[in-house]
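Spelled out from the first residue to the last, the chains are:
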Amino acid sequence: MTAEDDRVWAVVPAAGAGTRMGTEVPKQYLPLLGRPLIEHTLERLLSHPRIAGVVVAVAAGDERWRALGLAGRPGVTTVTGGAERCHSVLNALAWLLGQGHGGAWVLVHDAARPCLSHGEIDRLLEALAEDPVGGLLGLPVRDTMKRAGAQDRVAGTVPREGLWHALTPQMFRTGALHGALGAALDRGELVTDESSAMELAGHAPRLVPGRPENIKVTRPEDLALAELYLRQQGGSTG
Ligand SMILES: Nc1ccn([C@@H]2O[C@H](COP(=O)(O)OP(=O)(O)OP(=O)(O)O)[C@@H](O)[C@H]2O)c(=O)n1
Ligand SMILES: C[C@](O)(CO)[C@H](O)COP(=O)(O)O
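Counting restarts for each chain, with residues numbered from 1 along the sequence as it is written. Lettering for chains starts from A, numbering for ligands starts from 1, and both go in the order in which the items are written. This being a predicted model, a pLDDT of at least 70 is required before a residue's local features are given, and a value of 80 or more before pairs of side-chain atoms are given or counted; all residues contribute to the totals for chains, interfaces and linings. No hydrogens and no water enter the side-chain calculation; it runs on all heavy atoms of the structure.

### A closer look at the overall build of the protein
The following threshold applies: For the purposes of this entry, the term helix denotes a DSSP run of H or I that reaches at least four residues, the term strand denotes a run of E that reaches at least two, and both are numbered from the N terminus. Radius of gyration here uses only the C-alpha atoms, and the compact-globule reference equals 2.2 Å multiplied by the residue count raised to the power 0.38. Only protein chains enter the accessibility calculation, which uses a 1.4 Å probe; a residue whose area is less than 20% of its type maximum is buried, one above 50% is exposed, and one in between is partly exposed. We call two residues in contact when some of their heavy atoms are within 4.5 Å. Methods summary: accessible areas were calculated by the Shrake-Rupley approach with a probe of 1.4 Å, and residue burial reflects only the protein chains presented. In this tally, Lys and Arg are treated as positive and Asp and Glu as negative; His is ignored, and so are the chain termini. Charge coordinates come from a single atom per side chain, which is NZ of Lys, CZ of Arg, CG of Asp or CD of Glu.
Within the protein, the secondary structure is distributed over eight helices and eleven strands. The C-alpha atoms of the protein give a radius of gyration of 18 Å, which matches the 18 Å a tight globule of 238 residues would have. Considered along the principal axes of its C-alpha atoms, the protein spans approximately 50 × 45 × 35 Å. Looking at the 238 residues of the protein, the share that counts as buried comes to 46%. Intrachain contacts of the protein at a sequence separation of at least 6 include 71% that bridge at least 24 residues. Accessible surface for the protein amounts to roughly 11300 Å². Of this, 52% is attributable to carbon and sulfur atoms. Each charge sign in the protein was given a centre, from 24 positive and 27 negative side chains, and these centres are 4 Å apart.

### Describing the UniProt feature "site: Transition state stabilizer" (unreviewed entry) in the protein
Our working definition: UniProt positions are given in the numbering used here, feature names are shortened, and annotations may be inferred rather than shown by experiment.
As annotated by UniProt and renumbered to match this structure, "site: Transition state stabilizer" (unreviewed entry) occupies R20 and K27. Its location among the elements puts R20 in the loop between strand 1 (8-14) and strand 2 (31-32). R20 has contacts with K216, T218, R219 and P220, leaving out every residue within four places of it along the chain. Within the element layout of this structure, K27 appears in the loop between strand 1 and strand 2. Sequence-distant contacts of K27, that is, excluding residues within four places in its chain, are made with G18, M21, L37, A112, K216, V217 and T218.

### Looking at the pairing of strand 7 (residues 134-140)
For clarity, the cut-off: Only strands that DSSP links by at least two bridges are regarded as paired with each other.
The element strand 7 is largely enclosed, with a buried count of six among its seven residues. Note: strand 7 against strand 10 (residues 164-173), six bridges, orientation antiparallel. Residue pairing across strands places L139 opposite H165, the latter belonging to strand 10. As defined by bridge partners, strand 7 adjoins strand 11 (residues 206-209) across four bridges and the pair is classed as parallel. In the strand pairing of strand 11, G138 is matched with P209.

### A look at the sheet that holds strand 10
Filter applied, for reference: Working convention: axes come from line fits to C-alpha atoms, limited for helices to the stretch in contact. Angles between N-to-C directions cover 0 to 180 degrees.
In space, the seven strands of this open sheet follow the order 5-4-1-6-10-7-11, with mixed pairing throughout. Strand pairing shows two members of the sheet lacking a second neighbour, strand 5 (76-80) and strand 11, which therefore form its edges. With strand direction ignored, the average angle separating the axes of adjacent strands in the sheet is 30 degrees. Pairing analysis gives four bridges linking strand 6 (residues 105-108) to strand 10, with the strands arranged antiparallel.

### So, the nonpolar core
Which entries qualify depends on this criterion: Only buried residues count toward a nonpolar core, which is a set of Ala, Val, Leu, Ile, Met, Phe, Trp, Tyr and Cys residues joined through side-chain atoms within 4.5 Å.
Counting residues in each nonpolar core, the largest one holds 28 residues, and the members touching the most others are V12, I38, L42, L45, V54, V56 and W65. Those elements giving two or more residues to this core turn out to be strand 1, helix 2 (37-46), strand 4 (51-58), strand 6, helix 5 (118-128), strand 7 and strand 10. Apart from residues no more than four positions distant in its own chain, I38 is found in contact with A14, Q28, Y29, V56, W65, L68, L70 and A111. Core analysis: the second largest hydrophobic core is formed by 24 residues, A57, V79, C86 and V89 among them.

### Remarks on the UniProt feature "site: Positions MEP for the nucleophilic attack" (unreviewed entry) in the protein
Basically, it comes down to this: We define a polar contact as two N or O atoms separated by no more than 3.5 Å, with the added condition that, inside protein, one atom must be a possible hydrogen donor and the other a possible acceptor, whereas residues neighbouring each other in sequence contribute only through side-chain atom pairs.
According to UniProt, the "site: Positions MEP for the nucleophilic attack" (unreviewed entry) feature falls on R160 and K216. Other than its neighbours up to four places away in sequence, R160 contacts V141, R142, D143, T144 and M145. Within the secondary structure, K216 is located in the loop between strand 11 and helix 8 (221-233). Excluding its chain neighbours within four sequence positions, the residues that come into contact with K216 are R20, K27, D110, A112, R113 and D222. At 2.9 Å, the side chain of K216 and the side chain of T218 are in polar contact.

### Quick notes on helix 2
A turn of α-helix holds 3.6 residues, and therefore any two residues three or four places apart point the same way. For helix 2, the tally of buried residues reaches eight of ten residues, placing the bulk of the element in the interior. All buried positions along helix 2 are accounted for by L37, I38, E39, H40, T41, L42, R44 and L45.

This is the structure in structure tokens:
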């Protein structure tokens, strides 16, 4: 294995508007324990010894990102995001390809998931080190799952055996993921995660158990939960 293949990069899609949060400030910039949410996320990634660098996709003209000063931190590269998460990820992957990292593993991790632990990153790297496809962190579904019909009436119960929540990071070879994502977008498939693109390309990514604390801050009530989890980690990266 060449030294290049052993390097691991991270891509952080951070160009969203946070509509479901209902705040004027995009959620990745909301304060969490006194620091912008995205700062916690980037710190988790940048402090991991196997991660060579982080490519952050931010909205065009994002003044908050510029004002944060994180763009100038060693190991951080900024690219412009796109209309959807998949476009933002594709732009970041294109930068990595342009740098000659097509053979390297890339971990795509939502900026909105600040409670990621080093233990999860380690599990992902160990489980997929020799995997021909790659994979993602996930959580088996614990509740009985219902499919809603008209007027939110139960249309049916979905068997939960084998159902998982997809989390991030999702880990694939940069070149393979860029190709699969580009092909999905060419077909008009605005995939909501990287695994979907790889599945459309005919692959079966591996699911690796993540932690319930690795939540995606999406709605207002998620902020308090993320703060609780970060306090429980007590500043450690887990
Ligand atoms: N065009 C977009 C949309 C989303 N994201 C990022 O993708 C991650 C997961 O997306 P989501 O939780 O949906 O964030 P938003 O799109 O900002 O939220 P909403 O759907 O509520 O607007 C977030 O870190 C978000 O910043 C992105 O980089 N580019
Ligand atoms: C990537 C992801 O976090 C996996 O669950 C999710 O698909 C992001 O979806 P969103 O609609 O962009 O929040």
